[in-house]
Every structure is written in C-alpha cells, then in structure tokens.
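Observations on the model geometry
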Amino acid sequence: MKKLSIVLLGVAVAALSACSCPAVSFTQADKIQSPDGALELTVGLTPEGTPVYSLSLEGEDVIKPSRLGYKLIGQNDLDKGFEVKEISKDSFDETWEPVWGEEAVIRNHYNELLVALEREDGVAMNLRFRLYDDGLGFRYEFPMKNKLTYFKVADELTEFALTGNHTAWWIPGDFDTQEYNYHESKLSDIRALNSVDRPYNASQTVASPMSVQTALQMKTDDGLYINIHEARVLDYPTTSLELDDKNFVFTTLLTPDAQGVKGRLQAPCVSPWRTVQVCKKATDVLASRLILNLNDPCVLEDVSWIHPTKYMGVWWEMITGKTHWSYTSDYPSVQLGVTDYSKSKPHGRHGANNENVRRYIDFAADNGFDAILVEGWNEGWEDWFGAQKDYVFDFVTHYEVFDLPAHNDYAHKKGIRIIMHHESSSSTVNYERHMEAAYNLMNQYGYDAVKSGYVGDIIPYGEHHYSQPLINHYHYAIVEAAKHHIMVNAHEAVRPTGLCRTWPNMIGNESAMGTEFRSDINPGHTTILPFTREQGGPMDYTPGIFEQDMSITAPGETGKMRHTIGNQLGLYVTFYSPLQMAADLPENYARFMDAFQFIKDVAVDWDKSIYLMAEPGAYIVTARHPKLSTLNSGRLSGTSGAYDFVYAGGKPHDVWYVGGITDETAREVEIPLDFLKPGVVYEATLYADAPDADFETNPQAYEITHHLLSADSTLKVRMARSGGFGLTLREK
C-alpha cells in the first residue's frame, strides 16, 4: 500500500493534473487518510485562494484536484481570495442501531478534517471532510461569526474531476422527475444519448443537455466502482451533475426555484454532504452505509409506533386501466363542497368501492399481510390531473361508495391496517392547508401510514419537484406526520438522501421508475437501482407482478412487462424496503399460489444482509437474515406470513432468504451457503425459473424444488433472461 506523508501548511504542492482549467496547484494543503489507510484526501488553496480537494486510493487518483466554491447573486462570489485560518482533525467511531434496516447495527467510522477559510472582507466559509474506508463526504459550513449572513446562490461550483472516460449507469438530469430507464455508457456518450427525445412524464424539466442525476454509479477500466451522490439534503435544492466531456469533470447543477435562485441561505447553515463512494467490488457498493452515516441520528424519542409493513392494495387495477380512481364521468369540473355527487351517475369502473375493498382485505388477511392501500377513496378524482388546480383535494371527504369507518373497522377486526392515500396533484400549498385535518382523520380511525403523491407540475407555479421550497415541503410533511405517529411513503417526491436515519417514519419513497411503468421498464433496470436510487434510502418499487400481459389483467389494454415470475420473487430480497408491496391483483395471485407462498413467507426487515454477487446492470444475488423483533410488528392482531414461517411449530427457527435477479442475459450462478450455521441442516425451498422460462416467450414458467442444505453446500441456480429466483432456508 502506497502512503504519502502529510503536507504542512505553506508548503507548495506541484500541479497534480488537469481539471476543468489548464492546471490546479496548491499553495497550502493538508491531508487525511481513511481509517484503513487506503483512501487519502488532500485539501488546499490555489494561488488565487480557491479551495481545492483531491482523493486517491492506495496512491492512485480517484478524484483529481477539483475546485470548490459558490457563485452568488448580488454579492462577491465564494470562489477565490480565501486564506486558511485554522485546520482541525478528528476521528470518530461508533455503532448505531437503525429503527429498521438491512442490518441491526451499523458502524460509523471516519477521520475528519475541518478547514476554516476566511477572506479579507470578513467572509468565512468552512469545509468539513469525513473520510471513510468506503468513501468521502464533504460539505460547506457558514458560521455565525461571518460578514456573510443572508445570501442567494447563483451556482454551486463543486467539481468532481475524474481520471478518465469511465463506464456510467445514469439517467438524464431533470428538475422534476427521476422516472427514467438507466443508460449504461461511457461518459463520452452522454452528450449523444441525452439528445434523444425523453419519454413523456407528467412533470419534467431538462436540467441541461449535459447533465445526469445522482446517485451516479461509475466503473473505471481498472474495475474500481465510484459513486457520486449527496446526503442530508435539507433546506437546499437537489443537485444534478453537469459534465465537461472533454476533461471528464462533473460540476454540481442545483435545481433553481421559480425565480431562478439556486438556494436562499442564512448563516449559520450547512450544505448537503457531497459524497464520493469508492469500492473495489460491486458487492461493497451495496453494503456501503456512507449516505446513512452522514445523516444526523434519529431525533424521535419514541419509535415504538414505527414498524415494517408488507401490504397489498387497490392500486394496480387502476394503474393497468382495469378500474379508475374517479367515480363518475358527469363532472368535467369539480368544486369540493359544491359538486353534489349524489346527483351523478357512476361510470361503473370506480375501484375503491365497498365490495372490492373488502375483497382485498379478505385476501390480505387470509395470506398473512399487514395492511392494504386504497387509492381513489376521496372526492375529487374526476378532474385532479393536468389543470394545475389549487384546491384539488381535501383529503378527508370520501366517496359514498367507500365507507371509510366501516372498512377500517372490518380491516382491524381481521388484524389488517389500512394505508391512507394523499395524492396532492403537486398542489403543495393545498396539501399543507389540509394536512393537519388529514392527519387528524388518520388518527381518528387508526391509520398509521400514508402514501403521498406529487403527480404533475408543482404549485406554487414555477417551482420544481427538487427546488429548495419543495425540499422544505417534503420535510415539513415528515415532521408533522411524526407528531401524529404517522409513517410516510412519498411518491414522485425528491430522491432520498439518507434522512430516514433522522426521521425513520420516512418508511419508503418512490422517486424512480417503478413498476407502474409496466412494459416501458427495460430488462436489467432493477439490477441498477440498488447501486443508484437505493443508496439514499429504500424504494417502494411495488414488485410482485405475476401477470405480465396487461390485456389479461385489464381487457382492452395492451403491453407486456419484461420479467419472469422468478424475477419478481427475487426482488423481495435484492430490493430493500421496510415497506414492501405485493402489487398484483388477488385473482392473478390465486392462479399461482405455490409461487405466491414465497411472498407470504419472506420478511421485510433484517438484522444481517450479505451481498453474494453483483454487477450493476447485470445481476444481483443477496442473502438476508430476518430481524425477529419486527416480524409481526405490522399486524394489528394475529400473525404475519413471515412470522408463521420463522416460528413454524411454535418456536423460532434460524431462517435465511436469498434472492437473485438478472438482466436480459440468462445466467447460472453458484451460491455458496457458508453464511449458514455450521453443522446445521436447513430445509430449502427454491422458487426458480423453469428451464424453458424466458421473459418474452414464457415468463410464467417456474419450478419449485426442495433440498436439504448446509453451510458446506453450494447451490446452482439458473436465471432466465430477465429472470431470477427466491430461496428460503429454514433450519430443520
């Protein structure tokens, strides 16, 4: 291992490489290393007083010298003229226990460097760096003692100067959506691929022709995995990354507000953490907790009301077009409190009706689920989308065909909770206007979780989904929900940046292309998301679609999803979420109840996770051990399917779940089982693609086989094209 000595202040450092300008040289510098000594960070100033940093692994550049700073509106830019006033170093090592997660204990171990900068005009800006064994986090801090107090950001100038033309898994830069398929390409190909027309989304704003979104996963020609992201985004806009494809330098591209301002800041304040994850193996990327560790500890004193949940819902039938959210076709314009629904004729395809909802409750209860989601229950769905209505929903008034009190009572008697649905139609001012009453209604009827939605262009007019005011709105909703002991699953909101550590009632998020996009989802899409979107927190991907042909689920509709049943089973292990949905219709599951058994048996919260093999865009195989204390926490009464599986015969068994998924390439994997208890025999049930399974020609072909296995065993499993498998292992 190559190690460099610390460079003292005032000692010149030679130009290390080209950045976005001809050369970057330090006049002052200091260094720290990661706890294991492999990563090394160098920080200093150019002769012009511009802050610069670089990062190396075992003496080889990962990030070449890269500039830091800001451009401001109406004030002197924060890009030069600085002097180092003070440098301090620290080390930190702790373990903490997440309320829910992929493991019971997480280690937070880093070395820290704080560089206090000041200019002759009295402007102060501090740079705080934390170097972990698996990457770097750094942020800007503006202290109270400062001539700079209130200021507006024109641009953040943070650079990431890369060492070459890496392979990248990326989606286009956008200020309003992340609902895109991923490209896999060289950085040099981003320009051409970004010029292709983008698929339609209900709200989208191109950030720039050369921008991509974080988390950006890359791989060097030497096999090093580099991921650029951000952590703890609060009171600050979300960033995309602008590429200089001549020098391979990324610069932050903040989301502007309605007036074009990219941040309205008041000292004392801090920016989000900018992160550079560096891993030698793809499986180490999946195991990294860098983003979570850079967030603040949990602020809630009582977390007993927060629980993992496996749920079903009156949702997929609406997504596919089998039924509708709306109740009538009589009213092209609805005014809440004025429109009289009793005088309307129902169109007959409203999904949230009493009979249908009870059918879901019965199926969920009979199969050991914790909850059901019901969408389309409240008045106003006739003209909710596309008009940018301010007063679009009140979140308390239900259609007469949905008996809210009766359904709630019926579900609770069966041990099932109902998950509330709040579609804001992106009228955030209206949602905040009604939020207290909506949460009070949930408390009244014992709802403890809500799926919120932000479909369409944002109100206030001109704002973006990822601008600073919207970041503040999402946070406000989480904080207010916590006061009411409500868990939040936000869809179409901003991508998570690890805030679920601080506010664990952020039980799930969408913020990426999920199952609702049906046949538009590319094979292999789900092998990328754990490397990108899920680095910041769990995704409500809504897996479990057994009927790929939309014309069968919803006669008259078209399109076929590109996966096998085995692939959908594998997602319950390879995708982490403490809020997992079995998204298909009860009647579709009824045709494949033997395969559905895996969804019934699988847990959703874990005390240990092992990433056995992976490659972004290709395949993932993951093994997880359930957390016994939360197996039944989602049920109001009775037992969950996962609890029944682990506690077979009335006593706990050692249980592991293994899941695998692959892209459009069929492959065979050999799974070592050395994570099992030595000397113990396990009853294994393998739910795998049949030999003739294929996502295009035979997506519903699967085989279920039973084996006796131990820690000495190796299991061979074939995955079909866009296929996968689920495996349960229970000690005999």
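Everything numeric in this text was worked out from a predicted model, so none of it was measured. (Residues numbered from 1 in each chain as written. Predicted model: local features only at pLDDT ≥ 70, side-chain atom pairs only at ≥ 80, totals over all residues. Heavy atoms only, no water.)

With that settled, the discussion passes to the sheet that holds strand 28 (residues 579-581). Strand order across the open sheet formed by seven strands is 27-26-25-24-23-22-28, with parallel pairing between neighbours. Strands at the two margins of the open sheet, each flanked by one partner only, are strand 27 (506-509) and strand 28. Between one strand and the next, the sheet's axes are offset by a mean angle of 30°, whatever the strand orientation. (Pairing = 2+ DSSP bridges. Helix = DSSP H or I, 4+ residues; strand = E, 2+ residues; numbered from the N terminus. Axes fitted to C-alpha atoms, helices over the stretch in contact; angles between N-to-C directions.)

In this section: the side chain of serine 427. By secondary structure assignment, the location of serine 427 is in the loop between strand 24 (417-423) and helix 7 (428-445). From its side chain, serine 427 meets the backbone oxygen of aspartate 390 in a polar contact 2.8 Å long. Setting aside its immediate chain neighbours within four residues, serine 427 contacts Lys389, Asp390, Val392 and Ile459. (Polar contact = N/O pair within 3.5 Å; in protein donor to acceptor, adjacent residues only side chain to side chain. Contact = heavy atoms within 4.5 Å.)

Attention shifts here to helix 10 (residues 565-574). Counted residue by residue, helix 10 has ten buried out of ten residues, so it is predominantly covered. Inspection of helix 10 places Ile565, Gly566, Asn567, Gln568, Leu569, Gly570, Leu571, Tyr572, Val573 and Thr574 among the buried residues, and these make up the whole buried set. Where helix 10 begins, the capping side chain belongs to threonine 564, and its oxygen is found 3.3 Å from the backbone nitrogen of glycine 566. (Buried < 20%, exposed > 50% of the residue type's maximum accessible area, 1.4 Å probe, protein only.)

This part takes up the state of the cysteines. Under the definition given, this model contains zero disulfides. Free of any disulfide, cysteine 279 has its nearest neighbouring cysteine sulfur in cysteine 500, separated by 18 Å. Its relative accessible area of 3% is what places cysteine 279 among the buried residues. Owing to a relative accessible area of 9%, cysteine 500 belongs among the buried residues under this scheme. (Disulfide = S-S within 2.5 Å.)

The interhelical angle for the contact between helix 10 and helix 12 (residues 593-601), taken along N-to-C directions, is 10°, at an axis separation of 10 Å. Between helix 10 and helix 12, the angle falls in the class roughly parallel. Across the interface between the two elements, Ile565, Leu569, Tyr572 and Val573 of helix 10 pack against Ala595, Phe598 and Ile599 of helix 12. (Parallel < 35°, antiparallel > 145°, perpendicular 65-115°, else oblique.)

Taking 1.5 Å per residue, 16 residues should reach 22 Å; helix 8 (residues 468-483) reaches 23 Å between its end C-alpha atoms and fits that length. Its buried side turned inward, helix 8 meets strand 19 (264-266), helix 7, strand 26 (487-491) and strand 27. The first or second residue beyond helix 8 is histidine 485, which carries a positive phi of 55°. (Expected span 1.5 Å × (residues − 1).)

The next point concerns empty space enclosed by the protein. Going through the model one piece at a time under the given rule, you end up with eight cavities of 30 Å³ or more. Put simply, the largest cavity is a space of about 220 Å³. Taken together, 19 residues make up the lining of the largest cavity; nearest its centre are Tyr474, His475, Val494, Leu499 and Met506. At the level of elements, helix 8, strand 26 and strand 27 are the ones that each hand at least two residues to the lining of the largest cavity. It is helix 8 that provides the largest number of residues to the lining of the largest cavity, a total of five residues. Classifying every residue of the lining of the largest cavity gives 14 nonpolar, four polar and one charged. If you add up the space inside the second largest cavity, you get close to 120 Å³. In this structure, the second largest cavity is lined by 15 residues; those nearest its centre are Ile521, Tyr541, Arg562, His563 and Asn567. By residue class, the composition of the lining of the second largest cavity is four nonpolar, nine polar and two charged. (1 Å grid on protein atoms, 1.4 Å probe; cavity = no way out; pocket = protein on both sides within 12 Å on 5 of 7 lines; lining within 4 Å. Points joined across faces, edges and corners; volume = space filled by probe spheres on them. Nonpolar A, V, L, I, M, F, W, Y, C, P; charged D, E, K, R; others polar.)

For the bond from threonine 214 to alanine 215, the omega torsion is 0°, close enough to zero to count as cis. One can find alanine 215 in the loop between strand 14 (211-213) and strand 15 (216-219). The residue after isoleucine 459, namely proline 460, is reached through a cis peptide bond having omega 20°. Assignment of secondary structure puts proline 460 in the loop between strand 25 (449-453) and helix 8. We note that serine 425 has phi near 55°; this positive angle belongs to a residue other than glycine. Position of serine 425 among the secondary structure elements: in the loop between strand 24 and helix 7. Of the residues examined, serine 425 reaches a relative accessible area of 8% and is grouped as buried. Even without a glycine there, the phi angle at glutamate 492 is positive, about 60°. Structurally, the position occupied by glutamate 492 is in the loop between strand 26 and strand 27. The class of glutamate 492 is buried, set by a relative accessible area of 15%.

What follows concerns the packing of helix 5 (residues 354-366) against helix 6 (residues 404-413). Running from N to C, helix 5 and helix 6 cross one another at 15°; their axes reach a closest spacing of 10 Å. Between helix 5 and helix 6, the interaxial angle falls into the category roughly parallel. The two elements helix 5 and helix 6 meet at a crossing, and its hand is right-handed. Counting all contacts with helix 5, which are made through Asn354, Val357, Arg358, Ile361 and Asp362, the residues of helix 6 involved are Ala406, His407, Tyr410 and Ala411. Along the lines of polarity and charge, the residues of the contact of helix 5 with helix 6 split into five nonpolar, two polar and two charged. (Left-handed = near helix turned anticlockwise from the far one by under 90°.)

As a rule of thumb, nonpolar side chains are buried together in soluble globular proteins. Counting 133 residues, the largest nonpolar core has Ile372, Val374, Phe546, Tyr589, Ile599 and Tyr657 as the members making the most contacts within it. In terms of residue count, helix 8 provides more of this core than any other element does, eight residues in total. (Core = buried A, V, L, I, M, F, W, Y, C linked by side-chain atoms within 4.5 Å.)

All chains considered together, the criterion is met by 38 salt bridges. For the salt bridge of glutamate 112 with arginine 128, the shortest nitrogen-to-oxygen distance reads 2.8 Å. Taken together, the residues span a long stretch of sequence, with glutamate 112 in strand 7 (residues 106-118) and arginine 128 in strand 8 (residues 124-132) at a distance of 16 residues. Residue glutamate 112 is classed as buried on the basis of its relative accessible area, which comes to 9%. The exposure class of arginine 128 is buried, given its relative accessible area of 17%. Across the pair aspartate 694 and arginine 721 runs a salt bridge whose closest N-O atoms are separated by 2.7 Å. Taken together, the residues span a long stretch of sequence, with aspartate 694 in the loop between strand 33 (682-689) and strand 34 (702-709) and arginine 721 in the loop between strand 35 (714-719) and strand 36 (724-731) at a distance of 27 residues. Each of the salt bridges in this network shares a partner with another, and the network as a whole consists of Glu112, Arg128, Arg130, Arg139 and Glu141. (Salt bridge = Lys/Arg side-chain N within 4 Å of Asp/Glu carboxyl O.)

What follows is about the side chain of asparagine 430. The topology assignment puts asparagine 430 in helix 7. On the accessibility criterion, asparagine 430 (0% relative accessible area) is buried. At 2.9 Å, the side chain of asparagine 430 and the side chain of arginine 433 are in polar contact. Each residue touching asparagine 430, except ones within four places of it in the same chain, is listed here: Asp390, Tyr391, Val392, Phe393 and Phe395.

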